[in-house]
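Descriptive structure summary
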Amino acid sequence: MKKVIIVLALLLCGLGASAQNYDWGIGIRGGVNQGSLNARFCLEKNAADIRVSLPYKGQGMTVDGTYEWCIPVIAEGMEFYYGPGLMLGIVPGAEKSYFSIGFQGVVGLDYKIPRIPVAAFIDYRPQLYCAFGNGLNFNAADIGLGLRITFDRK
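Note that the structure is a prediction, hence the values are computed from the model and not measured.

1. Let's talk about the overall build of the protein
Helix and strand counts for the protein come out as one helix and 10 strands. The helix and strand sequence of the protein, counted from the amino end, reads α-β-β-β-β-β-β-β-β-β-β. Here the protein, with 154 residues, has 39% of them falling under the buried criterion. Taking all contacts inside the protein whose residues are at least 6 apart in sequence as the whole, residues at least 24 apart take part in 48%. Put simply, the protein shows about 9,000 Å² of open surface, and 70% of that area lies on carbon and sulfur atoms.

Now the structure itself:
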């Protein structure tokens, strides 16, 4: 219980700050089930993330987007983020592939490395989707690590 209280206290320390660490970034994410290319666009206080998942080990291909609320935490350049999203994809079946549509959530940490245009991140993305003709599915195992090249408008 003490660990939970310490983590919550650290997260709450950053609630007053609101500046984003970069304007936008593009990169790669490797996950438990599949890898993806992604682009993150930082808004005034929040962000939008778009991913294109790459086919890997029969997992199919998806395009998804999430809206992320961002909270600066722990150190300069680090933020905690969370939010909802939508996904569209093609899921392979035993005999044919199925179109799918669904919802997902995201919880993660993003760290903009000082003095170089790179951000590292780790996130968890549970997904609930309907593969038309193959029923309702839940993926609770999508944990990933990634790197982004970051850009500022300046």
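2. With respect to the environment of D123
In this fold, D123 is placed in strand β7 (residues 118–124). Each C-alpha atom, one on D123 and one on V106, is 6.7 Å from the other, the two residues being 17 residues apart in sequence. Not counting chain neighbours up to four residues away, the residues in contact with D123 comprise R29, Y81, V106, V107, G108, D142, I143 and G144. Within the local environment of D123, its side chain forms a polar contact with the side chain of Y81, the two groups lying 3.4 Å apart. Only 3.2 Å separates the side chain of D123 from the side chain of R125, close enough to count as a polar contact.

3. So, the pairing of strand β4 (residues 61–72)
In this sheet, β4 lies alongside strand β3 (residues 46–53) in antiparallel orientation, the contact comprising seven bridges. Paired with R51 across the bridge in β4 is D64. Pairing of β4 with strand β5 (residues 78–92) involves 10 bridges; the strand directions are antiparallel. The partner of V63 across the bridge, within β5, is L88.

4. Describing the side chain of N139
When you line up the elements, N139 lands in strand β9 (residues 135–139). A relative accessible area of 14% places N139 in the buried class. Within the local environment of N139, its side chain forms a polar contact with the backbone nitrogen of A141, the two atoms lying 3.0 Å apart. If we ignore the near neighbours within four places in the chain, the residues touching N139 are N33, R125, P126, Q127 and Y129.

The rules behind the values
Residues numbered from 1 in each chain as written. Predicted model: local features only at pLDDT ≥ 70, side-chain atom pairs only at ≥ 80, totals over all residues. Heavy atoms only, no water. Helix = DSSP H or I, 4+ residues; strand = E, 2+ residues; numbered from the N terminus. Buried < 20%, exposed > 50% of the residue type's maximum accessible area, 1.4 Å probe, protein only. Contact = heavy atoms within 4.5 Å. Areas by Shrake-Rupley, 256 points an atom, 1.4 Å probe, with all protein chains shown as cover. Polar contact = N/O pair within 3.5 Å; in protein donor to acceptor, adjacent residues only side chain to side chain. Pairing = 2+ DSSP bridges.

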